[in-house]
Amino acid sequence: MKSLMKASVVGMVFAAFGFAPALADGFKNCTKLAKASWKPASEAEAAAKAAGYEVRKSKVEGSCYEVYGVKGGKLFELFYSPEDLSLKHTKAK
Amino acid sequence: MVDVWDVPLRVLHWILAAAVLIAYFSANVFDTLHEIAGYTVMALVVLRVAWGFVGTRYSQFRNSVRPPRVVLRFLGQIARGEPGRYLGLNPAGAAMAIVLLALLAVSTISGWMQITERFFGVDWVEMVHTVSSNAVMILVAVHILGVVVMCVMQKENLIRAMLTGKKRQRAE
């Protein structure tokens with residue numbers, strides 16, 4: 001019985017990690033557009049720069065451009081849509 | 001039964017294991033949890049290293065850490081089915097502990113660097129963090145495998161020993 005309890009606890013922990021991404025704060029969905037039609041990442045960086053951020057780098061995160069920006073000594077992750085370069089989400093670090 | 005693993009060592013071991021797993025699986029998913037787990041790992045690494053110098057007999061590094069040629073010789077003995085029986089860490093186990101602690105130090109420090117203004121978004125820091133963290137998880141798998149192998153070869157429950165602290169006495 002004891003090992004059944006242990007197994008259930010372990011199972012629940014893994015299950016928690018299973019649905020947890022739904023609650024997560026990793027931002028991944030910015031567009032449904034196919035990658036071939038995406039605007040270049042450099043335009044997302046330009047948008048961030050125009051908004052007053054010092055751009056460190058950018059990368060693709062799911063279907064978003066994630067731009068690492070610094071403004072006023074504070075650190076931000078900016079998520080842009082590759083479809084129209086609208087800012088979908090800002091995360092302060 | 002004889003006392004081998006003291007309370008601080010056992011507490012440090014299991015909380016470190018939990019914190020490392022939580023940190024690894026929360027990466028890029030739950031940022032705040034990931035950071036808290038990471039700082040916890042950092043503190044535990046410092047405590048474990050300190051305990052390796054001032055702790056009880058089997059916790060001290062000088063009683064178990066051996067040069068690479070001794071580790072290799074010990075691995076050869078394992079391959080021949082002659083593990084002997086160490087009450088504390090055997091040479092391979094001690095080597096694993098040192099390498100894991102070093103990689104965890106690199107991982108936690110590079111992770112912390114990533115949220116400083118100086119190193120935010122800097123590629124080499126991100127790469128060091130990713131590589132060292134993945135290396136930790138590979139070694140975690142090797143560690144678990146190694147423990148299982150030693151359990152079978154020595155015919156004792158080493159996992160229970162890390163919970164209770166006790167092992168069978170040496171055969172005289």
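Since the model is a prediction, treat every value here as computed from it, not as a measurement.

Draft legend 1. Inspection of the overall build of chain A at higher detail. Counting its secondary structure elements, chain A contains two helices and four strands. Beginning at the N terminus, the succession of helices and strands in chain A can be written as α-α-β-β-β-β. Pairs at least 24 apart in sequence give 39% of the contacts found in chain A among residues at least 6 apart.

Draft legend 2. Quick look at the overall build of chain B. Helix and strand content of chain B: six helices and two strands. Along the chain direction, N to C, the helices and strands of chain B fall in the order β-α-α-α-α-α-α-β. The C-alpha extent of chain B, read off along each of the three principal axes, is 60 × 30 × 25 Å. Counting across all 172 residues of chain B, residues that qualify as buried make up 23%.

Draft legend 3. Region of the structure containing the pairing of strand β2 (residues 64-71) of chain A. Residues and elements named next belong to chain A. Of all the eight residues making up β2, six are buried; the element is thus mostly covered by neighbouring parts of the structure. Two elements, strand β1 (residues 54-61) and β2, share seven bridges in a ladder whose sense is antiparallel. Of the residues in β2, the one forming a bridge with E61 is C64. Counted between consecutive antiparallel strands, the loop separating β1 from β2 contains two residues, among which G62 sits at a positive phi close to 65°.

Draft legend 4. Spotlight on the sheet that holds strand β4 (residues 87-92) of chain A. All names here are of chain A. Spatially, four strands are ordered β1-β2-β3-β4 in an open sheet, and the strand pairing comes out antiparallel. In the strand order of this sheet, the two ends are held by β1 and β4, each with one partner. If you compare each strand with its neighbour and ignore which way they point, the axes differ by 20° on average.

Draft legend 5. Highlighting unusual backbone geometry. Residues and elements named next belong to chain B. Unlike most non-glycine residues, N28 shows phi in positive territory, near 65°. For K155, which is not glycine, the phi torsion reads 55° and is therefore positive. Following the sequence through the fold, K155 ends up in the loop between α5 (123-154) and α6 (158-164).

Draft legend 6. View of the environment of E61(A). Residues and elements named next belong to chain A. Along the polypeptide, E61 turns up in strand β1. Its 17 C-beta neighbours within 10 Å are what place E61 among the partly exposed residues. Distance in space between the C-alpha atoms of E61 and M12 is 28 Å, their sequence separation being 49 residues. Look past the residues within four positions of E61 in its chain and what remains in contact with it is F27, K28 and E66.

Reading guide: rules and limits
Residues numbered from 1 in each chain as written. Chains lettered and ligands numbered in written order. Predicted model: local features only at pLDDT ≥ 70, side-chain atom pairs only at ≥ 80, totals over all residues. Helix = DSSP H or I, 4+ residues; strand = E, 2+ residues; numbered from the N terminus. Contact = placed C-beta atoms within 7 Å. Buried ≥ 20, exposed ≤ 12 C-beta atoms within 10 Å, placed from the backbone. Pairing = 2+ DSSP bridges. Axes fitted to C-alpha atoms, helices over the stretch in contact; angles between N-to-C directions.

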